[in-house]
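Here is how the chains run, residue by residue.
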Amino acid sequence: MEIDKYMVENVYFFGVKITVGSIDSFLNEIGNKMAVDEASYICVSNVHTTIMASEEDGYKEINNKSFMSITDGMPLVYISKKFRGKRDIERLTGPDLMLKIFKDERFKNSRHYFYGSSEQTLKDMINNLENKYKNLNIVGSFSPPYRPLTESEREEIIDTINSKSPDFIWVGLGAPKQENWMSEFRPNLKRGILVGVGAAFDYHAQNIKRAPLIIQRLGLEWAFRLLQEPRRLFKRYLVTNSKFFLKLFCYEILKLKNGDKN
């Protein structure tokens, strides 16, 4: 049976939704969603966010209510193939998703808004992107303060984004803050696809060096990042990854004992 390259599916790890498919299928779904005049959000899911969601019911609910929770992380891709019977699926990171959208003909007239990071990072990123993509239509950006927003600030941000009417609202706050922000703000936005892209702003501002392509394809980008920021990422990558694989092992054994094939 031939697999539809434009089909996406949801699989679940410990009750947490992960959307799997080819890169073409992700882009196709996004294109279809753009035709619907409403706001929705996409989570970019990896081992770290999956473990957090499995341990926090509120965060799990936010993840599971997303339009898509696309697979960023080779363990999720590999296990979906090995244990979930999915074949035509690929990894798609936040930084790569941005670039796919910027250069795909289906989205050439899209309007883009950036929320998150520092003013300098936003400035550097926008300058780099506009130099690379001459017709990129950036309609605004905002660097939020490092504190909770006041109600008046919150209303002003909502009014500003609605007045710009972006097709894409790229949110670079890091997990779980960006997913919480998207869930909170989405009901007040008239339209647009919100996408939580983590450190993508820093990558495109060239604040952080991206792993070589061969490292990415081997699924070792996490190790490259760990070497760059060991203090900040030690717990995230080593402790959380260990917890993920231990939990997965116990979960799969329990499924086998119960005769669950799904």
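For the structure, check the block above.
Residues numbered from 1 in each chain as written. Predicted model: local features only at pLDDT ≥ 70, side-chain atom pairs only at ≥ 80, totals over all residues. Heavy atoms only, no water.

(A) Broad picture of the overall build of the protein. Along its length, the protein carries twelve helices and eight strands. Taking 2.2 N^0.38 as the reference for a compact globule, 262 residues should give roughly 18 Å; the C-alpha atoms of the protein span a radius of gyration of 18 Å, in line with that estimate. Dimensions of the protein, computed from the C-alpha atoms along their principal axes, are close to 55 × 45 × 40 Å. Burial status across the protein gives 48% buried among its 262 residues. Considering only contacts within the protein whose residues lie at least 6 apart along the sequence, 72% involve residues at least 24 apart. (Helix = DSSP H or I, 4+ residues; strand = E, 2+ residues; numbered from the N terminus. Rg over C-alpha atoms; globule rule 2.2 N^0.38 Å. Buried < 20%, exposed > 50% of the residue type's maximum accessible area, 1.4 Å probe, protein only. Contact = heavy atoms within 4.5 Å.)

(B) Spatial organisation of the side chain of Thr121. The topology assignment puts Thr121 in helix α6 (residues 119-132). The buried category is assigned to Thr121, whose relative accessible area is 7%. Polar side-chain contacts of Thr121 include one of 3.0 Å to the side chain of Ser118. Here Thr121 is in contact with Phe201, Asp202, Ala205 and Asn207, once residues within four sequence places are set aside. (Polar contact = N/O pair within 3.5 Å; in protein donor to acceptor, adjacent residues only side chain to side chain.)

(C) Layout of the pattern of salt bridges. Counted under the stated rule, the structure contains 14 salt bridges. Residue Glu221 is joined to Arg210 by a salt bridge in which the shortest nitrogen-to-oxygen separation is 2.4 Å. Here Arg210 lies in the loop between α9 (200-204) and α10 (213-217) and Glu221 lies in helix α11 (residues 221-228), a separation of eleven residues in the sequence. With relative accessibility at 7%, the residue Glu221 sits in the buried group. Overlapping salt bridges bring together Asp72, Arg91, Asp96, Arg210 and Glu221 as one network. (Salt bridge = Lys/Arg side-chain N within 4 Å of Asp/Glu carboxyl O.)

(D) Examining the environment of Pro145 more closely. Position of Pro145 relative to the elements: it lies in the loop between β6 (137-142) and α7 (151-164). Owing to a relative accessible area of 24%, Pro145 belongs among the partly exposed residues under this scheme. On a C-alpha basis, the gap between Pro145 and Gly116 in space is 9.1 Å, while along the polypeptide they are 29 residues apart.

(E) View of the pairing of β6. For strand β5 (residues 111-116) and β6, the ladder comprises five bridges, and the chain directions are parallel. In the sheet register, Tyr113 faces β6, and the bridge partner there is Gly140. In this view, the connection linking β5 to its parallel neighbour β6 by way of α6 has right-handed handedness. (Pairing = 2+ DSSP bridges. Right-handed = clockwise from strand over helix to strand, strands pointing away.)

(F) Main features of the packing of aromatic side chains. Considering all chains together, one arrives at twelve aromatic pairs under this definition. Centroid distance Phe13 to Phe244: 6.1 Å. Interplanar angle 35 degrees. Geometry classified as tilted. Of the two residues, Phe13 sits in strand β1 (residues 9-13) while Phe244 sits in helix α12 (residues 230-258), which places them 231 residues apart along the sequence. Accessibility classification places Phe13 together with Phe244 in one group, the buried group. An aromatic cluster is present here, built from Phe102, Phe107, Tyr133, Phe168 and Trp170 joined pairwise through their rings. (Phe/Tyr/Trp six-rings, centres within 6.5 Å; stacked < 30°, edge-to-face > 60°.)

(G) Region of the structure containing unusual backbone geometry. At the junction of Ala175 and Pro176, the peptide bond is cis and its omega measures out at 5 degrees in the coordinates. Relative to the helices and strands, Pro176 resides in the loop between β7 (168-172) and α8 (177-185). Backbone geometry places Phe14, a non-glycine residue, at a positive phi of 55 degrees. Summarising the element assignment, Phe14 is placed in the loop between β1 and β2 (16-20). For Phe14, a relative accessible area of 10% translates into the label buried.

The values reported here are purely geometric and, on their own, carry no functional implication.
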